[in-house]
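# Survey of secondary and tertiary structure
What follows is the residue order along each chain.
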Amino acid sequence: MKQSTLGSCIRTLRMQKNLTQLQLAELLGVTDKAVSKWERDLSYPDIALFPKIADILGTTVDGLLRECKETCQPSKLLQAFEMSRDIRMPLHIILGCVEIIRNNHDDPEMLQKYLDGIKISGEYMMSMFDRILNEKCCSGSREGCCEGYSISPGNIENYLQEKIASGQVQAQSFSFSGKRILVVDDIEINRKIAAEMLKQTGAVVEFAEDGQICLEKVESAPAGYYDLILMDVMMPKMDGLQATRRIRQLPDPEKAGIPIIAMTTGVSEKDRIAALAAGMDAFEEKPIFIDKLFETIDRFLHPEG
């Protein structure tokens with residue numbers, strides 16, 4: 001019996017959903033040629049697309065990849081996906097909690113809450129590293145599968161010490177007073193982190209939990225109400241790319257032209273190209289580095305500054 005591959009899994013699940021290659025491609029924002037290549041195992045989807053592919057096809061990322069009996073390439077894709085997700089998200093939370101603590105260090109209750117967030121995120125990352133280093137795939141017939149994921153604690157410690165030693169430079173001051181920024185993210189703590197970061201600039205912050213809500217808010221608000229949108233890319237119901245495309249098609253030119261900055265854990269060049277092609281004005285990676293983000297925001301809010 002012929003072994004199942006990632007391509008055949010995608011094709012089977014697509015047909016079960018009564019989707020053509022073109023329909024699947026449109027839902028994913030790729031070409032039908034790309035889907036055709038995936039199904040013929042001539043190429044693999046970008047790692048950042050796996051959650052959306054799994055959602056559309058009615059499965060999970062793990063299920064999509066682990067259905068495959070021919071495990072060599074899918075197992076590497078799964079590991080790369082988990083590495084990216086597992087590292088970037090807790091890092092984003094840690095850095096965000098640090099910013100909140102910096103601005104609320106006189107509030108013992110809030111200080112303890114976000115110190116706990118840092119501790120939990122750090123412990124999660126350490127357990128993830130331990131799991132990767134002890135994966136069974138690093139032995140037997142699949143030896144070398146984890147190659148490239150080894151971690152040198154000594155190097156990390158030296159790196160952190162250097163960053164701490166050089167971290168005495170005062171952060172640049174930004175003022176977005178009087179500006180209204182719409183933060184679009186489906187994860188509550190990410191919205192809270194963004195709000196705390198932006199609060200120190202004097203900006204007014206509003207939220208949307210997904211792209212559909214974002215679109216509705218922009219459509220219903222008067223022109224000029226929002227000065228800028230910080231848009232997550234991977235969200236349920238309507239993702240950031242689709243929401244951006246819909247905003248750019250609004251009949252009111254002022255609403256259609258609102259600056260939109262992507263904030264995403266998808267960091268490949270394909271992710272960047274897809275965001276800009278959808279109409280986003282800039283691309284910021286998670287974890288967010290506050291000075292870099294504020295410099296980007298300032299460029300759009302004060303273009304003549």
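A brief structural summary. All chains use their own residue numbering, which begins from 1 and follows the written sequence. Reporting in this predicted model follows two pLDDT cut-offs: at least 70 for local features of residues, and 80 or more for side-chain atom pairs to be given and counted; totals over whole chains, interfaces and linings ignore these cut-offs and use all residues. For side-chain calculations, the full set of non-hydrogen atoms in the structure is used, while hydrogens and water are omitted.

### Looking at the overall build of the protein
Defined as follows: Here a helix means four or more residues in a row that DSSP labels H or I, a strand means two or more in a row labelled E, and each is numbered from the N terminus. Note on contacts: a residue pair qualifies if any of its non-hydrogen atoms lie within 4.5 Å across the two residues. Reported accessibility uses the Shrake-Rupley method at a 1.4 Å probe radius. Residues are deemed covered only where the shown protein chains occlude them.
Helix and strand content of the protein: 14 helices and 5 strands. Expressed as a percentage of contacts within the protein between residues at least 6 apart in sequence, the contacts between residues at least 24 apart total 66%. Summed over all atoms, the accessible surface of the protein reaches about 16700 Å², with 53% contributed by carbon and sulfur.

### Topic: the pattern of salt bridges
Side chains that differ in charge, positive against negative, can pair when their charged atoms come close. Rule in force here: Criterion for a salt bridge: a side-chain nitrogen of Lys or Arg within 4 Å of a carboxyl oxygen of Asp or Glu. Remark: exposure states derive from per-residue accessible area (1.4 Å probe, protein chains only) relative to the maximum for the residue type, with buried under 20%, exposed over 50%, and partly exposed in between.
Applying the stated criterion across every chain, the model contains 8 salt bridges. Here R180 ties to E206 by a salt bridge, and the two come within 2.9 Å at their closest N and O atoms. One end of the pair, R180, is in strand β1 (residues 180–184); the other, E206, is in strand β2 (residues 204–208), and 26 residues separate them in sequence. Residue classification places E206 among the buried residues on the basis of a relative accessible area of 18%.

### Focus on the side chain of E39
Here E39 lies in helix α3 (residues 32–39). Beyond its immediate chain neighbours, meaning those up to four positions away, E39 contacts G7, S8, I10, R11, R14 and Q21.

### Description of empty space enclosed by the protein
Basically, it comes down to this: Of the two site types, the cavity is a set of points on a 1 Å grid over the protein atoms alone where a 1.4 Å probe fits but cannot get out, and the pocket is an open set with protein on both sides within 12 Å along at least five of seven lines, each lined by residues with an atom within 4 Å of a point. Grid points are joined across faces, edges and corners, and a volume is the space filled by probe spheres set on the points. Gly falls in the polar group here, along with every residue not listed as nonpolar (Ala, Val, Leu, Ile, Met, Phe, Trp, Tyr, Cys, Pro) or charged (Asp, Glu, Lys, Arg).
Under the counting rule described, the total for this entry stands at 1 cavity of 30 Å³ or more. Along its surface, the largest cavity is lined by H92, D185, N190, A194, M197, M263, K286 and I288. Looking at the lining of the largest cavity residue by residue, the class counts come to 4 nonpolar, 2 polar and 2 charged.

Just distances and angles here, no functional claims.
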